[in-house]
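Below, each chain spelled out in residue letters.
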Amino acid sequence: MSTPIYNRVALIGLGLIASSMFWAMKRGGLAGTVTGYARSEDTRKTAREIGLCDEIHDTAADAVKDADLIVLCVPVGVMGQVAADIAPALKPGATISDVGSVKREVIDAVGPHLPDNVHFIGGHPVAGTEHSGPQSGFAELFDNRFTLLVPVEGSDARAIADLRALWEGMGALVEEMDPDHHDLVLAVTSHAPHLIAYTMVGVADDLRRVTDSEVIKYSAAGFRDFTRIAASDPTMWRDVFLNNKDATLEILGRFTEELFALQRAIRTGDGDHLYDYFTRTRAIRRGIIEAGQDTDAPDFGRSKVKT
Ligand code: NAP
C-alpha cells in the first residue's frame, strides 16, 4: 500500500461520486481516514451499514473537522449553502474541492464563503452512471476517465499537485481547465445530450399513450440508449441546466439549426447531405474508441444479439 496523500479526507454528500471516491481511495491507499456526511438520516444509515467511509457524522461541520481535504459531492444547486455551513469548521491550510458537473456557478457560489486560509480548487470527474445513492458507487468508476481540475485565481501549486495525485491514484487522467471553457465543452458532450435524451423519451412516452405498449415492447438500441441517459437523477440534472444556462442554450440553438437542416434534407430527398453528415458523425465515434473512452463492442458490449 502506498503512503496516503491526505491524512484525513471528508466527503460531503454520499451518492454515486462520493462512494466511488471512497472505494477508489481505499483501493489505492490514498487517504488515512475518510469521513462522510449526507443530509438524510437514511443515507447516513445506509452508509454505516455498507461500510462507506471510516466515520459517518451527523453534521457536516463534524465531518470536516481536522480534514486536510474536503470534497463537496452534492448537487450543484446546494454547493454554496454547504460551503457556508462548513466554512467555520475548516482547518487552516485545508483544500476544498467539489465534483460538480458545472464549474463557473459553483466557483462563484462557494468561493465567497471560504476563509482566506484554505485552498479552493474546483473539480469534475467526467465519469458517471445513471444510478445514484450511496450503494451505486464502485472503485473502478474513474479508471482511465478524465477528471478536470479547475483552479481559481491564486490556487496554491502544492495543493493542486496533491489533488492531482489523488485523482491519478483513483485511476483518472487529469487535466486542468478554465471554468468557462469547461462549461462550454460539457454543454456539448454531456448537458445538451442529456436534455435531448430526456426530450426523446418524453416524446415516446406521449406516443406510448397512443400506441399502447409498443414503444416499450419494440424498443430498439437507439431508444434504449436514450432511456438509460434519461433515467439519470432529476435533482442533479435540474441543477446542471439551471447552473449552466448560457452554454447549454448556445449548444441547443446550434442543435436546432442542424436538426432543421437534416429535416429539410429528408423532405427534399437530399440523400447526399444525409450520407455526408452520417459519415462525419461516424468518425467521431471512432475517435472516442481510439482514445480509450468507450468499448468498440457492438451495443456497448451488452448483448450479442443485433437489434
Ligand atoms: P447522488 O448519488 O444523487 O448523491 C447526492 C448526495 O448529495 C446524496 O448523498 C444527498 O444526500 C446529498 N445532498 C443533497 N442535497 C444536500 C444538501 N443540501 N446537504 C447535504 N447533502 C445533500 O449524486 P451524485 O451522482 O454522486 O452527484 C454528486 C455531484 O457530482 C453532483 O454535483 C453532480 O453534478 C456531480 N457529478 C455527477 C456525475 C454522475 O454521473 N452522477 C458525474 C460527474 C459529476 P441524501 O441522500 O441524504 O439526500
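First, a word on scope: everything that follows refers to the structure included in this document.

About the cut-offs
Residues numbered from 1 in each chain as written. Predicted model: local features only at pLDDT ≥ 70, side-chain atom pairs only at ≥ 80, totals over all residues. Heavy atoms only, no water. Near = heavy atom within 4 Å. Polar contact = N/O pair within 3.5 Å; in protein donor to acceptor, adjacent residues only side chain to side chain. Areas by Shrake-Rupley, 256 points an atom, 1.4 Å probe, with all protein chains shown as cover. Helix = DSSP H or I, 4+ residues; strand = E, 2+ residues; numbered from the N terminus. Nonpolar A, V, L, I, M, F, W, Y, C, P; charged D, E, K, R; others polar. Axes fitted to C-alpha atoms, helices over the stretch in contact; angles between N-to-C directions. Parallel < 35°, antiparallel > 145°, perpendicular 65-115°, else oblique. Contact = heavy atoms within 4.5 Å. Buried < 20%, exposed > 50% of the residue type's maximum accessible area, 1.4 Å probe, protein only. Phe/Tyr/Trp six-rings, centres within 6.5 Å; stacked < 30°, edge-to-face > 60°. Lys NZ or Arg CZ within 6 Å of the ring centre and 35° of its normal. Salt bridge = Lys/Arg side-chain N within 4 Å of Asp/Glu carboxyl O.

Around the ligand, 28 residues are found, and the nearest of them are Arg39, Ser40, Thr43, Val74 and Ser101. Between the ligand and Leu16 there is a distance of 2.9 Å, counted from an oxygen atom to a backbone nitrogen or oxygen. Within the side chain of Arg39, a nitrogen or oxygen atom sits 2.6 Å from an oxygen atom of the ligand. Coverage of the ligand by the protein amounts to 87% of the 910 Å² it exposes when considered alone. Only α1 (16-28), α4 (79-86) and β6 (119-125) provide two or more residues apiece to the shell around the ligand. Residue classes in the shell around the ligand are distributed as 16 nonpolar, 11 polar and one charged.

Take the packing of helix α11 (residues 245-268) against helix α12 (residues 271-290) next. In contact at an axis separation of 9 Å, α11 and α12 are set at 140° when each is read in the N-to-C sense. The pairing of α11 with α12 is recorded here as oblique in orientation. Judged by residue contacts, Glu258, Ala261, Leu262, Ala265 and Ile266 of α11 engage His273, Leu274, Tyr277 and Arg280 from α12. Residues belonging to the contact of α11 with α12 are distributed by class as follows: six nonpolar, one polar and two charged.

Now for the environment of Arg267. Tracing the chain through its elements places Arg267 in helix α11. The exposure class assigned to Arg267 is exposed, which follows from its relative accessible area of 66%.

Before going further, it helps to spend a moment on the packing of aromatic side chains. Summed over all chains, the structure comprises three aromatic pairs. In this structure, Arg280 packs its charged tip against the face of Tyr277, placed 5.1 Å from the ring centre.

For the coordinates displayed, the defined rule picks out 18 salt bridges. For Asp58, the salt bridge is made with Arg48, and the minimal N-O distance between the two is 3.1 Å. Placement of the pair is Asp58 in the loop between β3 (55-56) and α3 (60-64) and Arg48 in helix α2 (residues 41-50), with a sequence separation of 10 residues. Judged by relative accessible area, which is 46%, Asp58 ranks as partly exposed. The class of Arg48 is partly exposed, set by a relative accessible area of 40%. Between Asp68 and Lys91 there is a salt bridge, and its shortest N-O distance comes to 2.7 Å. Residue Asp68 is found in the loop between α3 and β4 (69-72), and its partner Lys91 is found in the loop between α4 and β5 (95-98); the two are separated by 23 residues along the sequence. On the accessibility criterion, Asp68 (18% relative accessible area) is buried. The exposure class of Lys91 is partly exposed, given its relative accessible area of 28%.

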